Amino acid sequence: MHIKIRAFGIAKDILSATTLSYDIPDGSTIQDLKSILLQDYPDFERLRSLAFAINESYVEDGNEIRQGDEVVLIPPVSGG
Amino acid sequence: MHIKIRAFGIAKDILSATTLSYDIPDGSTIQDLKSILLQDYPDFERLRSLAFAINESYVEDGNEIRQGDEVVLIPPVSGG
Amino acid sequence: MSTGKENKNDLIDIRLEVTPLLQSACREFIMADGAGAEVYFIGTVRNRTRGKEVQRLEFEAYEPMAISEMRKIAERALGKWPLLKVAIHHRTGVLDIGEIPVIIGVSSAHRNIAFEACQYCIDTLKETVPIWKKEIFTDGEQWVSAHP
Amino acid sequence: MSTGKENKNDLIDIRLEVTPLLQSACREFIMADGAGAEVYFIGTVRNRTRGKEVQRLEFEAYEPMAISEMRKIAERALGKWPLLKVAIHHRTGVLDIGEIPVIIGVSSAHRNIAFEACQYCIDTLKETVPIWKKEIFTDGEQWVSAHP
């Protein structure tokens, strides 16, 4: 299925892009997507953490991704 | 010996005066003065606390008072 | 019509601004007749970090989610403590030394609650709000806290 | 010439004022290039206390000692924590609802220190500084905390 990936901060630097289109197997979870991304972009391994958001909210590793979702990569935040 | 007493807040109300001249025995301590004041003005007994200052600093109960000292009565403070 | 929800929103002021944050604007919202205590945290851009001289900071935010996460923090604070008002204002863009990335203000009847709640808000903001800070040095730059 | 003493005094701003306290004046002193965090406590006159409506407050101070005790608090805070600046401003006279009896500001490189130090300053001020507050109600008045 087809999803959109959006990245901020260092995740944007690692992808060399703000948004990316991605094809992943139907029924993939956030955990599955994370494995795919780590394979394609090993630099993610070096981050202190990598969280994900869909619809402007954090999602858990087990969360299933749906066709057309925009999945946002949230590297370690550093506001304030 | 002769001392001066200065009072603030409720202590001023109890003495009905901002300053008072007082004669106390030579060699009196703060504790001695406190006993004298409590006898003369029993309302001091009702306060949560009564501290004393000489030369703009708190003094202990055992502190000896000297002729001519200005002893300041410090009822419970409530700044802020 | 959910009056409870509307009332709660009256107690919260969330802002994500590209222009300088003003302490006076924060206080204007925070003041309340029932308040005896106001506590403010102001984050400022330091000239040094880990022994290196900082030139400036750049803040990037995932804006709609940053706003919604800041609101969640304020709502949770209002749920934990009897506060009168909570304001969380954050800046984005390029900030020079001395400029203000964040101001948090809370008011309550009593001071201990206000201190606790204000510290909770800034501590949680730094953990959950999707905002990223890049430090610009004379000889390079880096995203703060990205790596262990 | 005691340079150490002079330097320490540059870090402390103590004021006892009969005119309104301004948060902006406090912040002007507190700001520092090495600061990453500023924490302010603002005490305000509440409209109610222990269920009774307050008309106004009257603050009386033993002025020279109040100033010297406020300075001691700031000096002790500077001794306990690596702070950059400490300001303690207190008001005297008659204050209406919403007016500011006290503002305390501290700056430091890191925020936890600033919160702790600011809270220490207001907590200690309320215990040691010879200032007295009288609450004026519609039907009487009383010196705060005088009796158990």
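Anything mentioned here points back to the structure above.
Residues numbered from 1 in each chain as written. Chains lettered and ligands numbered in written order. Predicted model: local features only at pLDDT ≥ 70, side-chain atom pairs only at ≥ 80, totals over all residues. Heavy atoms only, no water.

Asks: Looking at this structure, I do not really get the overall build of chain C. What am I missing?
Replies: The helix and strand tally for chain C stands at 4 helices and 9 strands. Seen in sequence order, chain C has helices and strands lined up from the N terminus as α-β-α-β-β-β-α-β-β-β-α-β-β. Computed over the C-alpha atoms, the radius of gyration of chain C is 16 Å, within 12% of the 15 Å expected from 2.2 N^0.38 for a compact globule of 148 residues. A principal-axis box enclosing the C-alpha atoms of chain C has dimensions of 55 × 30 × 30 Å. Residue burial in chain C is summarised as follows: out of 148 residues, 53% are buried. Sequence-distant contacts, at least 24 apart, represent 76% of the contacts inside chain C between residues at least 6 apart. Working note: accessible area of chain C is about 6200 Å², and carbon and sulfur atoms make up 48% of it. Charge centroids of chain C, computed over 19 positive and 21 negative side chains, lie 4 Å from each other. (Helix = DSSP H or I, 4+ residues; strand = E, 2+ residues; numbered from the N terminus. Rg over C-alpha atoms; globule rule 2.2 N^0.38 Å. Buried < 20%, exposed > 50% of the residue type's maximum accessible area, 1.4 Å probe, protein only. Contact = heavy atoms within 4.5 Å. Areas by Shrake-Rupley, 256 points an atom, 1.4 Å probe, with all protein chains shown as cover. Lys, Arg positive; Asp, Glu negative; His and termini not counted. Charge placed at Lys NZ, Arg CZ, Asp CG, Glu CD.)

Asks: Before we go on, may I ask you to explain the interface of chain D and chain C in this structure?
Replies: How large an interface is tends to be reported as the accessible area lost when its parts come together. Between chain D and chain C, the residue contacts involve 30 residues of the former and 30 residues of the latter. For the pair chain D and chain C, the two sides together bury roughly 2600 Å², of which 50% comes from carbon and sulfur. Contact with chain C buries area across many residues of chain D, yet R46, R111 and F115 of chain D alone supply 24% of it, more than any other trio. Summed over the shared surface of chain D and chain C, the number is 2 salt bridges. Here R111 of chain D makes a salt bridge to D123 of chain C, at a shortest N to O gap of 2.9 Å. (Buried area = accessible area lost by both parts, 1.4 Å probe. Salt bridge = Lys/Arg side-chain N within 4 Å of Asp/Glu carboxyl O.)

Asks: When you look at the arrangement of the chains in this model, what are you seeing that I'm missing?
Replies: By number of contacts, the leading pair among the 3 pairs of chains in contact is chains C and D. With no contact formed, the shortest span from any C-alpha in chain A to any C-alpha in chain B equals 29 Å. One finds no contact between chain B and chain C; the C-alpha atoms of the two approach each other to within 10 Å at their closest.

Asks: When you look at the relation of the copies chain D and chain C in this model, what are you seeing that I'm missing?
Replies: Relating the two copies of this chain is a rotation about some axis coupled with a shift parallel to it. Laying chain D over chain C is done by rotating through 180° and shifting 0.0 Å along the axis; what remains is an RMSD of 0.0 Å. In symmetry terms, the pair is related by a two-fold rotation axis. Of every C-alpha in chain D, the one belonging to Y40 of chain D sits nearest the axis of rotation, 2.5 Å from it. A high fraction, 100%, of the interface residues of chain D reappear at the interface in chain C, so the copies pair face to face through one surface. (Least-squares fit on C-alpha atoms with pLDDT ≥ 70 in both.)

Asks: Even after reading the chapter, I still don't get helix 2 (residues 30-40) of chain A, so can you show me in this structure?
Replies: Counting along an α-helix, one turn takes 3.6 residues, and residues three or four places apart therefore face a common direction. All names here are of chain A. Buried within helix 2 are the following residues: I30, L33 and L37. Axial view of helix 2: buried residues confined to an arc of 60°, hence all on one face. Where helix 2 is buried, its residues contact strand 1 (2-7), strand 2 (19-23), strand 3 (51-54), strand 4 (57-59) and strand 5 (70-74). (Arc of directions from axis to C-beta.)

Asks: Please explain unusual backbone geometry as it appears in this structure.
Replies: In terms of backbone geometry, most residues other than glycine have negative phi values and most peptide bonds are trans. All names here are of chain A. Positive phi, close to 55°, is recorded for S16, a residue that is not glycine. Mapped onto the elements of the fold, S16 is located in the loop between helix 1 (9-15) and strand 2. Residue classification places S16 among the exposed positions, given a relative accessible area of 65%.

Asks: Got a minute to help me understand the interface of chain D and chain B in this structure?
Replies: The interface is formed by 28 residues belonging to chain D together with 22 residues belonging to chain B. Both faces considered, chain D and chain B share a buried interface measuring about 2200 Å² in area, 56% of it formed by carbon and sulfur atoms. Considering only the surface of chain D that becomes buried against chain B, Y62, W132 and H147 of chain D emerge as the three largest contributors, covering 30% of it. One can count 1 salt bridge joining chain D with chain B. A salt bridge links K12 of chain B to E60 of chain D; the shortest N-O distance between them is 2.8 Å. In this structure, the connection of chain D to chain B is made through 14 residue pairs in polar contact (both at pLDDT 80 or more). Of all elements in the fold, only strand 4 (52-61), helix 3 (63-80), helix 4 (111-128) and strand 8 (131-137) of chain D reach the threshold of two or more residues within the side of chain D that touches chain B. Partitioning the side of chain D that touches chain B into residue classes produces 17 nonpolar, 5 polar and 6 charged. (Polar contact = N/O pair within 3.5 Å; in protein donor to acceptor, adjacent residues only side chain to side chain. Nonpolar A, V, L, I, M, F, W, Y, C, P; charged D, E, K, R; others polar.)

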